[in-house]
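# Structure at a glance
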Amino acid sequence: MADNYLENKYDNLLKNKTSMSAKKATAVSSLMLKNRSYRGYDQRCIVTFEHLKHIVSVNDKIPSARNQQVLRFKLVDSDNADKVLNLIKLGSALPDLHLPIKGTEPRAFIIVCSIIDADKWTYTDLGISCQSMLLQAVEMGLNGICIGAFNKEKIKEEFNLDAEPLLILAIGKGAEKIRIKSIQADKDHNYYRENGEHIVPKVKIDELIF
Ligand SMILES: Cc1cc2nc3c(=O)[nH]c(=O)nc-3n(C[C@H](O)[C@H](O)[C@H](O)COP(=O)(O)O)c2cc1C
């Protein structure tokens, strides 16, 4: 993947912004399916500050409890990616793989913070925000992952944050093959790898509905 792949895709996206409503919109269901959690990225694809800003821009359109909008975002491009990389944990369910594999580390992040002491409404807003941002990333031809396992204090210190870091998104061009596998609710929910594929078990819809 050449560096300019993403630039071209992003430029086209912005150019077509006005005409997009006339075109058939990308189906949400297709974005949802592509929106898997990637723990390995193609480092030839450079995610810029502008790309990250476009992803974060969903946040002035999403719902928010009492519309308080207490979330704030620190954008981390490749210049500062190493500062985050050392402080996150990926793929705890597959400890033997020591993910991410060397050379496939994410090189861009969004640190999602709260300007108040987080309560249940903050966490509700957080989920809506992160999923919206990941879907935006997929629409741009990118991928990502939510990261809850990180060193909060060190992240706060490293980036001199005046707010509480709650979750980190890694963003990049995914370099893994990932497949959903439909399962019954009483089966193992842990993701696993098989023949080079990352398998994500998901409980069948019939068992999710009362
Ligand atoms: C709130 C939240 C926190 C997560 N934290 C981590 C994490 O710290 N490390 C990691 O490798 N994956 C993390 N994940 C990714 C999940 O493992 C992933 O969503 C799950 O395996 C299902 O895969 P899918 O997103 O492709 O459907 C997190 C996901 C969510 C929603």
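Residues numbered from 1 in each chain as written. Predicted model: local features only at pLDDT ≥ 70, side-chain atom pairs only at ≥ 80, totals over all residues.

### Comments concerning the overall build of the protein
The following threshold applies: Helix and strand definitions follow DSSP, with helices as H or I runs of at least four residues and strands as E runs of at least two, each counted in order from the N terminus. Counting other C-beta atoms within 10 Å of a residue's own tells you its class, since 20 or more makes it buried, 12 or fewer makes it exposed, and anything in between is partly exposed; those C-beta atoms are placed from the backbone. Contact between two residues is assigned whenever their backbone-derived C-beta positions fall within 7 Å.
In terms of helices and strands, the protein carries eight helices and seven strands. When each of the 210 residues of the protein is scored for burial, the buried share is 26%. Contacts in the protein between residues far apart in sequence, at least 24 positions, make up 75% of those at least 6 positions apart.

### Section: the sheet that holds strand S5 (residues 177-183)
Put simply, the test is: DSSP bridges decide pairing: two strands pair if at least two such bridges lie between them. Note on definitions: angles span 0 to 180 degrees between N-to-C directions of axes, and those axes are lines fitted to C-alpha atoms, for helices only across the stretch in contact.
Strand order in the open sheet formed by three strands is S5-S7-S6, and the pairing between neighbours is mixed. Edge positions in the sheet fall to S5 and strand S6 (192-194), since each of these pairs with one other strand and no more. On average, adjacent strands in this sheet sit at an angle of 40° to one another, irrespective of strand direction. The sheet contact formed by S5 and strand S7 (residues 197-203) spans seven bridges and is parallel. Counterpart to Arg179 in the pairing with S7 is Ile199.

### So, the site of the ligand
Operational definition: By definition, a residue lies near a molecule or strand provided its backbone-derived C-beta atom is within 6 Å of it. Only Asp, Glu, Lys and Arg are considered charged, only Ala, Val, Leu, Ile, Met, Phe, Trp, Tyr, Cys and Pro nonpolar, and every remaining residue, Gly among them, polar.
Arg36, Ser37, Cys146, Gly148 and Ala149 are the nearest of the 13 residues found near the ligand. Among the elements that make up the shell around the ligand, the one with the highest residue count is strand S3 (residues 143-147) (three residues). Here the shell around the ligand is composed, by residue class, of seven nonpolar, three polar and three charged.

### Looking at the sheet that holds S3
Spatial ordering of the open sheet is given by S1-S2-S4-S3, a layout of four strands whose pairing is antiparallel. The open sheet has two edge strands, strand S1 (71-76) and S3, and neither has a second partner. Going from strand to strand, the sheet's axes swing by 25° on average, the running direction of each strand aside. Sheet analysis places strand S2 (residues 109-114) next to strand S4 (residues 164-172), joined by six bridges and oriented antiparallel. Directly across from Ile111, in S4, lies its bridge partner Ile168. Strands in contact with helix H4 (residues 49-56) are S1, S2 and S4; relative to S1, the strand with the most contacts, it is inclined by about 160°. On the sheet, helix H6 (residues 120-139) packs against S1, S2, S3 and S4 and is oriented at approximately 15° with respect to S4.

### Quick look at H4
Put simply, the rule is: Each C-beta atom gives one direction from the helix axis, and the arc is the one those directions make.
Here H4 has its buried residues at His51, Leu52, Ile55 and Val56. Each buried residue of H4 sits inside an arc of 135° when the element is viewed along its axis, so together they form one side.

### Looking at the environment of Ala27
Position of Ala27 among the secondary structure elements: in the loop between helix H2 (17-20) and helix H3 (28-34). Placed 112 residues apart in sequence, Ala27 and Glu139 show a C-alpha to C-alpha distance of 10.0 Å.

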